[in-house]
Amino acid sequence: MSTPEPAASQPPEDRATPDRLLHARTGTDVSPEDLVLASGKDLNPHTLEWAKRKLAAEGPAALEKLLP
């Protein structure tokens, strides 16, 4: 039987995640690794090449399209 966690360790449900943590800043350096990880894919040579092509075509905005 599991024991409930103390209320102090649980985040309040009415607290929203700050906007700065939800969105990337377009115009900053975005690496292929950033793009692969944001897409939920594994880092490997194939996905890194995909990310490099996507960044070349779309620029840093490619990351914004993947994030909520």
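In this text, all values refer to a predicted model and were calculated from it rather than measured experimentally.

Some details on the pattern of salt bridges
Right, so step 1: Throughout the structure, instances matching the rule amount to three salt bridges.
Right, so step 2: Across the pair Glu58 and Lys54 runs a salt bridge, and its minimum N-O distance is 3.0 Å. You can see Glu58 and its partner Lys54 sitting in helix H3 (residues 45–58), four residues apart, about one turn around the helix.
Right, so step 3: Among the salt bridges present, the one from Glu58 reaches Lys65, with a minimum N-O distance of 3.3 Å.
Right, so step 4: For Glu58, a relative accessible area of 28% corresponds to the partly exposed category.
Right, so step 5: Judged by its relative accessible area of 60%, Lys65 is exposed.
Right, so step 6: In the salt-bridge network here, residues are joined through shared partners; they are Lys54, Glu58 and Lys65.

What about the confidence of the model for the protein chain?
Right, so step 1: Per-residue confidence for the protein chain averages 79 on the pLDDT scale, and 60% of its residues sit at or above 70.
Right, so step 2: Between the elements of the protein chain, mean pLDDT differs from a low of 62, seen in helix H1 (residues 19–22), to a high of 96, seen in H3.

Remarks on the nonpolar core
The tendency in soluble globular proteins is for nonpolar side chains to be buried side by side.
Right, so step 1: Core analysis: the largest hydrophobic core is formed by seven residues, namely Val30, Leu35, Val36, Ala51, Leu55, Ala62 and Leu63.
Right, so step 2: Within the residue set of this core, elements represented by two or more residues are helix H2 (32–39), H3 and helix H4 (61–66).

As for the packing of H2 against H3
Right, so step 1: At their nearest, the axes of H2 and H3 sit 8 Å apart, and the two run at 110° to each other. The orientation of H2 with respect to H3, classified from their angle, is roughly perpendicular. Across from Pro32, Glu33, Leu35, Val36 and Ser39 in H2, the residues of H3 making contact are Thr47, Leu48, Trp50, Ala51, Lys52, Lys54 and Leu55.
Right, so step 2: Split by residue class, the contact of H2 with H3 holds seven nonpolar, two polar and three charged.

Comments concerning the side chain of Thr47
Right, so step 1: Relative to the assigned elements, Thr47 resides in helix H3.
Right, so step 2: Judged by relative accessible area, Thr47 falls into the buried class, the value being 8%.
Right, so step 3: Discounting chain neighbours no more than four positions away, the residues touching Thr47 are Val36, Lys41 and Asp42.

Each value, and the rule that gives it
Residues numbered from 1 in each chain as written. Predicted model: local features only at pLDDT ≥ 70, side-chain atom pairs only at ≥ 80, totals over all residues. Heavy atoms only, no water. Salt bridge = Lys/Arg side-chain N within 4 Å of Asp/Glu carboxyl O. Helix = DSSP H or I, 4+ residues; strand = E, 2+ residues; numbered from the N terminus. Buried < 20%, exposed > 50% of the residue type's maximum accessible area, 1.4 Å probe, protein only. pLDDT = per-residue confidence, 0-100. Core = buried A, V, L, I, M, F, W, Y, C linked by side-chain atoms within 4.5 Å. Axes fitted to C-alpha atoms, helices over the stretch in contact; angles between N-to-C directions. Parallel < 35°, antiparallel > 145°, perpendicular 65-115°, else oblique. Contact = heavy atoms within 4.5 Å. Nonpolar A, V, L, I, M, F, W, Y, C, P; charged D, E, K, R; others polar.

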